[in-house]
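Residue-level listing of the chains:
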Amino acid sequence: MSIGEATGVGSHPGSDHLEAIRVVFGEVPGLPYLPELPARGVGADMVGRSAGLLIDLPVEVQPSGWRLTDRPGRDHQRAVDHLRRDLDGLEEVGHEYAGPLKLQVCGPWTLAASIELKHGDKMLSDAGAVRDLIASLAQGVADHCAEVRRRLPGVTEIVLQLDEPGLPGVLAGTVPTASGFGRLPAVEEWRVEESLRHFESPVVHCCAPDVPFALLRRAGVRGVSVDASLLRRRDEDDLGELFEAGLTLFMGVVPGTDTRLPDIGVVAKPALELWRRLGFPADRLAEQVVLTPACGLAGASPAYARQALAACTKAAQVLRDDPAGEGG
């Protein structure tokens, strides 16, 4: 089932959450999302925002980053407050909206590679801590989704995006220890597959090289979100299997930072050419490819963020109206 033809990855510039939400609903009306504004500081960053969802695993900021603590403190409360304000804004702007909505949270493996234990290394170094983190995040995300549904009763489905930029490093054993002098052991693929099944049909976003497409497909995700410029010909067998299994590819086709955007036909070209090389029926293209910026827009100007989303929406119309690429 098609879940929208264009959307954003998640982050936006600035600190005006209401304006960011208005931009999202205006420019990607087929699959709007709750934007994240990391420029607001502690608790608005990707890790802190998602750590605020954790159940019974409070965190605080240390000079080295986020760390587990005994009880919720000021940093944890900031994350909770930012999200509550965002949800109030989402309800204000989207109260009449009907359709699918995307929510983004930091995935369990990037969180485990980022948050430190109370007295020691990163959570990733302790298999028991990682299990606790996965269960806590899964429950917190389920509660978050339920609250959004209560606030926006017109939402027909929630598309959950797990941001996992750290996943390739977790699988390759390249995540540094807290000291920075060593590397944490690689995590077995089956553990990652098992963990993703705790979340209901997520889309996994990974804007890093070496996205583990086959693993994600086996884990039962509904889609994978990638930067199209990082795709290589060697990925195409995996992408073909992904499409064959009915999954959706969220394809990042415009840069996440300010640049002069090319013509819409050029924006759509990576998706058209990939689909043509793989040999799938043209009429399935718009159903299985969603166009996005290459990554988050936090480093962009507000004007460019709006333009980038608009370009994705216009290019998605090309995929729908001219899937064989005959117009260009």
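Residues numbered from 1 in each chain as written. Predicted model: local features only at pLDDT ≥ 70, side-chain atom pairs only at ≥ 80, totals over all residues. Heavy atoms only, no water.

(A) Main features of the layout of surface pockets. Roughly 320 Å³ of internal volume is contained in the largest pocket. In terms of lining residues, the largest pocket is bounded by 17 residues, among which Trp-109, Ala-127, Val-130, Val-187 and Arg-191 are the most central. Breaking the lining of the largest pocket down by element, the ones donating at least two residues are helix H5 (127-151) and helix H7 (189-196). When the residues that make up the lining of the largest pocket are grouped by side-chain class, the tally is 10 nonpolar, 3 polar and 4 charged. As a volume, the second largest pocket reaches approximately 250 Å³. Around the second largest pocket sit 14 residues that line it, and Cys-145, Arg-149, Ile-158, Leu-160 and Glu-200 are the ones nearest its centre. Contributing elements (two or more residues each) for the lining of the second largest pocket: H5 and strand E4 (155-163). At 6 residues, the largest contribution of residues to the lining of the second largest pocket is made by H5. Residue classes in the lining of the second largest pocket are distributed as 8 nonpolar, 2 polar and 4 charged. (1 Å grid on protein atoms, 1.4 Å probe; cavity = no way out; pocket = protein on both sides within 12 Å on 5 of 7 lines; lining within 4 Å. Points joined across faces, edges and corners; volume = space filled by probe spheres on them. Helix = DSSP H or I, 4+ residues; strand = E, 2+ residues; numbered from the N terminus. Nonpolar A, V, L, I, M, F, W, Y, C, P; charged D, E, K, R; others polar.)

(B) The nonpolar core, seen in detail. The biggest cluster of nonpolar side chains holds 97 residues, and the ones touching the most others in it are Ile-115, Met-251 and Leu-291. Excluding anything up to four places from it in sequence, Leu-291 contacts Glu-5, Ala-6, Thr-7, Met-251, Val-253, Ala-271, Cys-312, Ala-315, Ala-316 and Leu-319. In terms of nonpolar packing, the next biggest core, distinct from the first, is built from 5 residues, Leu-31, Val-159, Val-203 and Phe-250 among them. (Core = buried A, V, L, I, M, F, W, Y, C linked by side-chain atoms within 4.5 Å. Buried < 20%, exposed > 50% of the residue type's maximum accessible area, 1.4 Å probe, protein only. Contact = heavy atoms within 4.5 Å.)

(C) Examining the pairing of strand E3 (residues 99-106) more closely. Taking burial as the measure, the 8 residues of E3 include 8 buried ones, the bulk of the element. Two strands pair when backbone bridges link them, and E3 and E4 are joined in this way by 8 bridges, in the parallel orientation. Note on E4: the bridge partner recorded for Pro-100 is Glu-157. (Pairing = 2+ DSSP bridges.)

(D) Region of interest: unusual backbone geometry. In this structure, Asp-56 takes a positive phi of about 60° despite not being glycine. Assignment of secondary structure puts Asp-56 in the loop between helix H2 (46-51) and strand E1 (59-62). At Ser-201, a residue that is not glycine, the phi angle is positive and equals roughly 45°. In this fold, Ser-201 is placed in the loop between H7 and strand E5 (203-205).

(E) Representation of helix H1 (residues 17-27). Counting buried residues in H1 gives 8 out of 11 residues, a clear majority hidden from the surface. Residues of H1 that are buried include every one of His-17, Leu-18, Ala-20, Ile-21, Val-23, Val-24, Phe-25 and Glu-27, and no others. Residues of H1 that are buried in the fold lie against helix H3 (74-94), E3 and helix H12 (302-321). Residue Asp-16 occupies the N-cap position of H1, its side-chain oxygen lying 3.2 Å from the main-chain nitrogen of Leu-18. (Polar contact = N/O pair within 3.5 Å; in protein donor to acceptor, adjacent residues only side chain to side chain.)

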